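Structural overview
Given next are the chains, with one letter for each unit.
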Amino acid sequence: MSAQNEAKKVAGRRVIQEFVRDGMKLGLGSGTTSHFFVRELGKHVAAGMKLTCTTTSRSTIDVARGVGIEITDPNDIGELDLTIDGPDEIDRKFNMIKGGGACLLWEKIIAHASRQMICICDETKIVDCLGGFPLPVEVVQFAWKQTERMVARLLADHGIKDVRIERRVRDGQPVVTDSGNFILDCRCGPIIADPAPLELELNRIPGVVENGLFTREAVGMVVGCFDGTSYVKM
Ligand code: 5RP
């Protein structure tokens, strides 16, 4: 296993040790780091830990069931105690870009349904300023090029100019999210200095369903390092 994957696994183990307790209602995040965590969690469930879990993507449902974790419909779970999820980028104030796996909408809904969100990542995800990772914006399919123009205009109003925006494609086909929408990846560069207002304003554009800025959710992060150690920052 690569050092980066080992670091992700270490973060998953540490977050369980520090934050997961018997009887909790948990939101399970998406992406490779979250999937390492879910597989570790499966061992605790097999050993008798009682949890009620819901997920932020169809892919995580599959991973969780594969390790014996039962999944509850988010409509039936009420308020969650904790969501654990990974970022594509995170700054030192826990502002994040998420959505590299196209799950940002469900991830944000579940994060907001939780009393707490803790982010898990390897050390490569920590940045001084967001935007090096393309910012995903989930848009409805109807008139998506019109929505794209409005997104470009808003980014320019925020001083983020010359942004290259691309509809996300995989294997030659547009990516369609778990909710049936497209993803626009906005290549801003590491210059998103004030992400909180931008997050809100992007969501006011008709056609935008959600965007990958998470500026109000995480209360802390658990970081796995390439040397096999980990740390918690709250
Ligand atoms: C999916 C996400 C993922 O949580 C994010 O992309 C991190 O993934 P990974 O742990 O594979 O780097 O936001 O929409």
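Just so we're clear, the structure is a prediction, and the values are computed from it rather than from any experiment.

**Some points on the nonpolar core**
- Among the nonpolar cores identified, the biggest contains 55 residues, and Ala11, Ile118, Cys119, Ile120, Val137, Ala218 and Met221 are the most heavily contacted of them.
- Setting aside chain neighbours within four positions, we find Cys119 in contact with Asp85, Gly86, Pro87, Ile90, Phe94, Met96, Ala218 and Met221.

**Description of the sheet that holds strand S2 (residues 52-55)**
- Read across the open sheet, the six strands follow the order S2-S1-S3-S6-S14-S15; overall the sheet is mixed. This sheet does not close on itself; its edge strands, each paired only once, are S2 and strand S15 (230-233). The mean angle between the axes of side-by-side strands here comes to 20°, regardless of whether they run parallel or antiparallel.
- By the bridge criterion, three bridges tie strand S1 (residues 25-28) to strand S3 (residues 82-85) in an arrangement that is parallel. The partner of Gly27 across the bridge, within S3, is Thr83.
- Lying over the sheet, helix H3 (residues 58-66) contacts S1 and S2, oriented at roughly 145° with respect to S2.

**Describing the packing of helix H1 (residues 3-19) against helix H2 (residues 32-46)**
- Where H1 meets H2, the closest approach of the two axes is 8 Å, and the angle between their N-to-C directions is 50°. Overall, the two elements H1 and H2 adopt an arrangement that is oblique. Handedness of the H1/H2 crossing: right-handed. Contacts from Lys8, Lys9, Ala11, Gly12, Arg13, Val15 and Ile16 of H1 reach H2 at Thr32, Thr33, Phe36, Phe37, Glu40, Leu41 and His44.
- Of the residues that constitute the contact of H1 with H2, the class distribution is six nonpolar, four polar and four charged.

**What about the UniProt feature "active site" (unreviewed entry) in the chain?**
- UniProt marks Glu107 with the feature "active site" (unreviewed entry), using the numbering shown here.
- Along the chain, Glu107 falls in helix H4 (residues 104-112).
- Residue contacts for Glu107: discarding those within four places in its chain leaves Gly29, Ser30, Thr56, Asp85 and Lys98.

**A word on the pairing of strand S11 (residues 182-187)**
- Counting buried positions over the six residues of S11 gives five, a clear majority of the element.
- In this structure, strand S7 (residues 135-139) lies alongside S11, joined through five bridges in antiparallel fashion. Considered in S11, the bridge of Pro136 is made with Asp185.
- Examined bridge by bridge, strand S8 (residues 164-167) and S11 share four bridges and lie antiparallel to one another. Residue pairing across strands places Arg167 opposite Leu184, the latter belonging to S11.

**Here's the deal with the confidence of the model for the chain**
- Residues at a pLDDT of 70 or more form 100% of the chain, whose mean pLDDT is 98.
- Here the predicted complex carries an ipTM of 0.98, next to a pTM of 0.97.

**Comments concerning the sheet that holds strand S12 (residues 208-211)**
- Pairing is antiparallel in the open sheet, where four strands are placed in the order S8-S11-S7-S12. One side of each edge strand has no neighbouring strand; the edge strands of this open sheet are S8 and S12. With strand direction ignored, the average angle separating the axes of adjacent strands in the sheet is 25°.
- Each of S7, S8, S11 and S12 is contacted by helix H5 (residues 144-157), which is oriented at about 30° to S11, the strand it contacts most.

**A few points about H4**
- Of all nine residues in H4, seven are buried; the element is thus mostly enclosed.
- All of the buried residues along H4 are Leu104, Leu105, Trp106, Glu107, Lys108, Ile110 and Ala111.

**Examining the environment of Asp81**
- Within the secondary structure, Asp81 sits in the loop between H3 and S3.
- Since 17 C-beta atoms lie within 10 Å of it, Asp81 is described here as partly exposed.
- Once the C-alpha coordinates of Asp81 and Met24 are considered, the two residues, 57 residues apart in sequence, prove to be 6.1 Å apart.

**A word on the environment of Val63**
- Here Val63 lies in helix H3.
- Linking Val63 and Gly42, residues 21 residues apart in sequence, is a C-alpha distance of 9.5 Å.
- Not counting the four nearest positions on each side in its chain, Val63 is found in contact with His35, Val38 and Arg39.

What counts and how
- Residues numbered from 1 in each chain as written.
- Predicted model: local features only at pLDDT ≥ 70, side-chain atom pairs only at ≥ 80, totals over all residues.
- Core = buried A, V, L, I, M, F, W, Y, C linked by C-beta atoms within 7 Å.
- Buried ≥ 20, exposed ≤ 12 C-beta atoms within 10 Å, placed from the backbone.
- Contact = placed C-beta atoms within 7 Å.
- Pairing = 2+ DSSP bridges.
- Helix = DSSP H or I, 4+ residues; strand = E, 2+ residues; numbered from the N terminus.
- Axes fitted to C-alpha atoms, helices over the stretch in contact; angles between N-to-C directions.
- Parallel < 35°, antiparallel > 145°, perpendicular 65-115°, else oblique.
- Left-handed = near helix turned anticlockwise from the far one by under 90°.
- Nonpolar A, V, L, I, M, F, W, Y, C, P; charged D, E, K, R; others polar.
- UniProt positions renumbered as here; feature names shortened; annotations may be inferred.
- pLDDT = per-residue confidence, 0-100.

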